[in-house]
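Structure assessment
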Amino acid sequence: MVPEAEVQDVLAELQRLRARVPLLAGALAASTDGLVLAHDTPGVEAEGVAALTAAALGVSIRMTEATGRGGFRELLVRGETGYIAAYAAGSSAVLTLLAEDRINVGRLHLEGRRAGARIGQLVDAALERAPQPAPGARPPLPRTPQQPGTLPHRTT
């Protein structure tokens, strides 16, 4: 789990992002398995969005692999009244942004990619500093190096 200090740094990044980008209605950082790390999502159930993001992420990873497009980077969904964008945030997190329909999508991508990279650095660094399991415990799977802003590939 990510320590409280890093969670506060992630929340601050989300709040700065919302302040910088007009028409951004919410921002959420979650683990790739759908657990909320931090959120600034007024009027939206963060836990539900995180769970749905994890499900969409799974499909997106499989889709990029099946089509030979490399590792997951981002996903954009457009609804009748706005956008949902998800960006890889390091090796174990994802950034989800909720935006109004009139948002400048280029600006959304630019700021989302930058914030995703920063959040990924915070979360990955915190996980590397996390205490190791007790002796006799099952060793963790080795982490393969990832490019900044990318998630691990699923093998199943």
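To be clear, the structure that these remarks concern was listed above.
This write-up is about the structure you can find in this document. (Residues numbered from 1 in each chain as written. Predicted model: local features only at pLDDT ≥ 70, side-chain atom pairs only at ≥ 80, totals over all residues. Heavy atoms only, no water.)

A few words now on the overall build of the protein. Tallying secondary structure elements over the protein gives three helices and five strands in all. Secondary structure elements in the protein, listed N-terminal to C-terminal, are α-β-β-α-β-β-β-α. The buried share of the protein, taken over its 156 residues, is 41%. Within the structure as shown, the protein displays about 9,000 Å² of accessible surface, and the carbon and sulfur contribution to it stands at 57%. (Helix = DSSP H or I, 4+ residues; strand = E, 2+ residues; numbered from the N terminus. Buried < 20%, exposed > 50% of the residue type's maximum accessible area, 1.4 Å probe, protein only. Areas by Shrake-Rupley, 256 points an atom, 1.4 Å probe, with all protein chains shown as cover.)

What follows deals with the layout of surface pockets. Its boundaries defined by the atoms lining it, the second largest pocket holds a volume of some 190 Å³. Lining the second largest pocket, in full, are V49, L52, T53, A56, L75, V77, I84, A85, A86, T96 and L98. Residue contributions to the lining of the second largest pocket peak at four residues, all from helix 2 (residues 46–66). Looking at the lining of the second largest pocket residue by residue, the class counts come to nine nonpolar, two polar and no charged. (1 Å grid on protein atoms, 1.4 Å probe; cavity = no way out; pocket = protein on both sides within 12 Å on 5 of 7 lines; lining within 4 Å. Points joined across faces, edges and corners; volume = space filled by probe spheres on them. Nonpolar A, V, L, I, M, F, W, Y, C, P; charged D, E, K, R; others polar.)

The next thing to look at is helix 3 (residues 105–129). An α-helix turns once every 3.6 residues. As a result, residues three or four positions apart point the same way. Helix length check: helix 3, at 25 residues, gives a terminal C-alpha distance of 36 Å against a target of 36 Å (1.5 Å per residue), a fit within 8%. Buried within helix 3 we find L108, H109, E111, G112, A115, G116, I119, G120, L122, V123, D124 and A126. Buried residues belonging to helix 3 abut helix 1 (4–20), strand 1 (24–31), strand 2 (36–40), strand 3 (74–79), strand 4 (82–89) and strand 5 (93–100). Put simply, N104 is the residue that caps the front of helix 3, since its side-chain oxygen is 3.0 Å from the backbone nitrogen of G106. (Expected span 1.5 Å × (residues − 1). Contact = heavy atoms within 4.5 Å. Polar contact = N/O pair within 3.5 Å; in protein donor to acceptor, adjacent residues only side chain to side chain.)

Note that every value here comes from positions in space, so none of it alone points to a role or purpose.
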